[in-house]
Amino acid sequence: MPPSPEELLAGLNPEQRRAAETLEGPLLVLAGAGTGKTRVITYRIAHMLARFIEPESVLAVTFTNKAATEMKERIAALVGKADAERLSVGTFHAFCVRRLRQHADKLGFSKGFSICDASDQQSAVKAAMRELRIPEKTLHPGLVQSRISLAKNQLLSQSELLERSGGDEELVCAVWERYDAALRRQRMLDFDDLLLQTLKLLQEHPRALRSFRERWQYVLVDEYQDTNGPQYEIVRLICQEHRNLCVVGDDDQSIYSWRGADVRKILGFAKDFPGAEVVRLETNYRSTKDILEAANRVIAHNIGRHPKELRAHAGPGQPVCTFEARDEEDEADFIASEIGFLVRRGDAAWRDVAILVRTQVQPRAFEARLRAAGVPYRLVGGMSFFDRKEIRDLLAYLKLVANPDDESSLLRILNCPPRGVGKTSVERVLAWATERGLSANHAFARAEEIEKVPAAAKKAVVELLETLAELGRRRGGKRLVETLKEMVGRVGYQQEVERCYPDPQTRQVRWAAVEELYNFAENYARRSGKPSLAGFLEELALNAADQQDDDGQDQDAVALMTLHAAKGLEFPRVYLVGLEEGILPHSRAVAEGGVDEERRLMYVGVTRAREHLTVSYAAERARFGRRSATTPSRFWYELLGEAPPEGWTPIEDQRAAAVR
DNA sequence: AACATGCCGGTTTTT
DNA sequence: CCGGCATGTT
């Protein structure tokens, strides 16, 4: 028997209840950290179903896969699995992929498109720059890529970007043009295109728009403060008529502006949707009063926020601890041994503890020390599994089976195992291909027409492509793992591993990665209703970061992660480390005028803690292999409610002083 | 074509 | 201090 509406709502406080009950019309829920946001969302959806709203007409989008999974699970616990599965719950990107597979023909591309990951993007940008003869010294490929991506996420067209005269816009646009063409040629869409193409579908195909509107009568957007241009437009178009849109978020936790997210979207919701109801959740059920007050002290330094005051539900608790380390080793050492001590004394479990860092390089010092102290840990979001050469190679092979036009994958594995195709041959084929707008595989297939490419090389590649195509054709009904294993056999990958690693021990380690990929495919096939190669690759592309805790989710270990990865999570004990000018706030953010966002990041970190919070910094830190003295972060003093000492200099002024 | 060496340049955050 | 890339060597 599903719970009645009354039973459902009885467990909520008055504001939460109002948010869960208001089903019709636009609704903005301003949910401060730890105020039971997820609870409101899940109860609200359960309440909808209890009011006989069809599950199929409900769309709930989240920002991360983790959040989507959690939401699904918590709804299923309330309303049962059967109904929960009929809801559309997922990330924007996952939602868009699905729609695009359905409607690809209307947009003029194949529904078998593949998703371009970060390294594919990188190589596409580099190739475009090579074509345009832009040396990488003048303009960094990574920078160009992020400029293109940011423009897409801000809904800027190339001509609009050009209007922003600043200097290198022309170059960026030229690369952008080529980059898009290369992706089209390879039947690929990057993450940003997934959103843009969906938007285009809705803008240019009234029938599609109408079907979206009819289907998703009730829309809910989580983490609304992180919504970027295309996402906002997609939501707006779907909801414009029925206006049953509920957005939930917290402007103080907006930490993705660098990806095109715009805080003004949440600040201006009532203007975008006139008549919107606003509910504020201000009772924090997560943290002790001491921790919450520290968080409030920090965020109070930001201006232009939605006014709100978080009230602690819990008692005062322990004061926030501080640790001033000599250097990063000392910092890691102290924290590792304190955690070891606490857990062994029985005051905490490993899984209760998180160490939060600003950048991806900070965990290194911690990993060594945690291991030395016998503290089990898991690095969240590090992608290490997919960084391994073997995995990347095999994924490239798989991607080629799914999409033979995928150029960066072909180039990656072309000569691995060695097939006697040299650099110059590849260059000639590529040049020939770009001249006539063909993708690399087609060029290789017609390699006889190309001058000065050794016959053996042509033959080898053609054979390779044929083998992969055959695998693709013949895999109907076959299990994914079988295909994978067959592929490994056919291309002689095992021999390649053996050739590269004559030492039996390293060879064993390397080969283990391959077997891990087999497991991975098995897991996927088990989990998914209708496993397919495309589905597998899609999940890897959309889900890459979350994949690794597939087997580590319920692992009892200390979590080590960036502040960005920590959003939405909570832990009884949190260590917030590296509170130094230049790290948090990050020097680059300071240079770009992004201190407010850094402060929000700090705020997110502080509010992850339930009972114990320790903040630390190192007085000296190695950077680029050089060690040098640091300055405690401004946030350190803001959190403690102290004025910085005499002679303390923030990082902007340090640079100014250095110039002088 | 495969391997070795040396240089330079770089560290924000991620779907 | 790392890793990637561009050269140079067999």
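Residues numbered from 1 in each chain as written. Chains lettered and ligands numbered in written order. Predicted model: local features only at pLDDT ≥ 70, side-chain atom pairs only at ≥ 80, totals over all residues. Heavy atoms only, no water.

1. A word on the protein's contact with DNA strand C
Condition: If a single non-hydrogen atom of a residue is within 4 Å of a molecule or strand, that residue counts as near it. Counting of polar contacts relies on pairs of N or O atoms within 3.5 Å, with two restrictions inside protein: one atom must be capable of donating a hydrogen and the other of accepting it, and residues adjacent in sequence are counted only when both atoms are side-chain atoms. In this count, Pro and Cys sit with the nonpolar residues alongside Ala, Val, Leu, Ile, Met, Phe, Trp and Tyr, while Asp, Glu, Lys and Arg are called charged and the others, Gly among them, polar.
In the region of DNA strand C, the neighbouring residues are Lys126, Lys423, Phe624 and Gly625. Between Lys126 and DNA strand C, the recorded distance is 2.6 Å, taken from a side-chain N or O atom to a phosphate oxygen. By residue class, the composition of the surface near DNA strand C is 1 nonpolar, 1 polar and 2 charged.

2. Comments concerning the nonpolar core
Stated formally: By nonpolar core is meant a set of buried Ala, Val, Leu, Ile, Met, Phe, Trp, Tyr and Cys residues that side-chain atoms within 4.5 Å join together. Only protein chains enter the accessibility calculation, which uses a 1.4 Å probe; a residue whose area is less than 20% of its type maximum is buried, one above 50% is exposed, and one in between is partly exposed. Residues count as neighbours in contact if any of their non-hydrogen atoms are within 4.5 Å of one another.
Ranked by size, the top nonpolar core spans 51 residues in total, and within it Tyr397, Leu410, Leu468, Met487 and Tyr493 carry the most contacts. Excluding its chain neighbours within four sequence positions, the residues that come into contact with Tyr397 are Ile413, Cys416, Pro417, Arg419, Leu464, Leu468, Met487, Val491 and Tyr493.

3. Observations regarding the pairing of strand 16 (residues 609-623)
Stated precisely, the cut-off is as follows: What makes two strands pair is DSSP finding at least two bridges between them. In DSSP terms, a helix is any run of H or I states spanning at least four residues, a strand is any run of E spanning at least two, and both are numbered starting from the N terminus.
The pairing of strand 11 (residues 321-327) with strand 16 spans 6 bridges and is parallel. Across the sheet, residue Asp327 finds its bridge partner in strand 16, namely Glu620. Strand direction decides the pairing type here: strand 16 and strand 17 (residues 626-629), joined by 4 bridges, are antiparallel. If you follow Arg623 over to strand 17, its bridge partner there is Arg626. What sits between the antiparallel neighbours strand 16 and strand 17 is a turn of 2 residues, in which Phe624 has the positive phi angle 55°.

4. What about the pattern of salt bridges?
As a reminder, the rule being used: Each salt bridge in this description consists of a side-chain nitrogen of Lys or Arg and a carboxyl oxygen of Asp or Glu lying within 4 Å of one another.
Under the counting rule described, the total for this entry stands at 50 salt bridges. The closest approach of N and O atoms between Lys152 and Asp193, which form a salt bridge, is 2.8 Å. Within this pair, whereas Lys152 is found in helix 8 (residues 141-153), its partner Asp193 is found in helix 11 (residues 191-204), the two being separated by 41 residues in sequence. Judged by relative accessible area, which is 2%, Lys152 ranks as buried. With a relative accessible area of 9%, Asp193 lands in the buried category.

5. Remarks on the protein's contact with DNA strand B
Near DNA strand B lie 25 residues; those nearest to it are His140, Arg358, Gln360, Gly422 and Phe624. Taken together, the sugar and phosphate atoms account for 51% of what DNA strand B places within 4 Å of the protein. The side chain of His140 places a nitrogen or oxygen atom 2.2 Å from a phosphate oxygen of DNA strand B. Within the side chain of Thr562, a nitrogen or oxygen atom sits 3.0 Å from a phosphate oxygen of DNA strand B. Residues that form the surface near DNA strand B fall into these classes: 9 nonpolar, 11 polar and 5 charged.

6. Thoughts on the environment of Gly340
With respect to the element layout, Gly340 can be found in helix 17 (residues 328-344). The class of Gly340 is buried, set by a relative accessible area of 3%. The sequence separation of Gly340 and Gly374 amounts to 34 residues, and the corresponding C-alpha distance is 7.4 Å. Setting aside residues no more than four positions away along its own chain, Gly340 makes contact with Trp350 and Val375.

7. Observations regarding the sheet that holds strand 8 (residues 277-281)
We apply this condition: Only the stretch in contact is used when fitting a helix axis, every axis being a line fitted to C-alpha atoms; angles between N-to-C directions are given from 0 to 180 degrees.
Reading across the sheet, the 6 strands line up as 3-2-6-7-1-8 and stay open at both edges, with parallel pairing between neighbours. Of all strands in the sheet, those with a lone pairing partner are strand 3 (88-91) and strand 8, marking the two edges. Taking each pair of neighbouring strands and ignoring which way they run, the sheet shows an average axis angle of 15°.

8. Comments concerning the environment of Met129
Examined against the element boundaries, Met129 turns out to sit in helix 7 (residues 118-131). Take Met129: its relative accessible area is 1%, and that puts it in the buried class. Met129 sits 119 residues away from Val248 along the chain, and the two C-alpha atoms are 41 Å apart. If near-sequence neighbours (up to four positions away) are discounted, Met129 is found in contact with Ile134, Pro135, Glu136, Leu139, Pro141, Val144 and Val175.

9. Digging into the side chain of Thr22
Its place among the elements puts Thr22 in the loop between helix 2 (14-21) and strand 1 (27-31). By relative accessible area, Thr22 is classed as buried at 13%. A polar atom in the side chain of Thr22 sits 2.7 Å from the backbone oxygen of Arg18. Excluding its chain neighbours within four sequence positions, the residues that come into contact with Thr22 are Leu27, Arg44 and Glu277.

10. With respect to the packing of helix 26 (residues 493-500) against helix 27 (residues 504-527)
Definition in use: If an angle is under 35 degrees, it is roughly parallel; if it is over 145, roughly antiparallel; if it lies from 65 to 115, roughly perpendicular; otherwise it is oblique. Working rule for handedness: look at the near helix, and if it is turned counterclockwise from the far one by less than a right angle, call the crossing left-handed; if clockwise, right-handed.
Relative orientation of the contacting elements helix 26 and helix 27 amounts to 155°, with a least axis distance of 9 Å. By the angle class used here, helix 26 and helix 27 are roughly antiparallel. Between helix 26 and helix 27 lies a crossing of right-handed hand. Of helix 27, the residues touching helix 26 (which contributes Tyr493, Gln494, Val497 and Glu498) are Arg507, Arg510, Trp511 and Val514.

11. Digging into unusual backbone geometry
The amide bond that connects Leu584 to the next residue, Pro585, takes the cis arrangement and shows omega of 5°. With phi around 60°, Leu155 is a residue other than glycine that occupies positive phi space. With respect to the helices and strands, Leu155 occurs in the loop between helix 8 and helix 9 (158-163).

12. Section: the side chain of Lys37
Tracing the backbone through its elements, the reader meets Lys37 in helix 3 (residues 37-50). For Lys37, the side chain forms a polar contact with the side chain of Asp222, separated by 3.3 Å. Every residue in contact with Lys37, bar those within four places of it in the chain, is listed here: Ala31, Asp222, Glu223 and Val248.

So, to be careful, I would describe these as geometric facts and stop short of saying anything about function.
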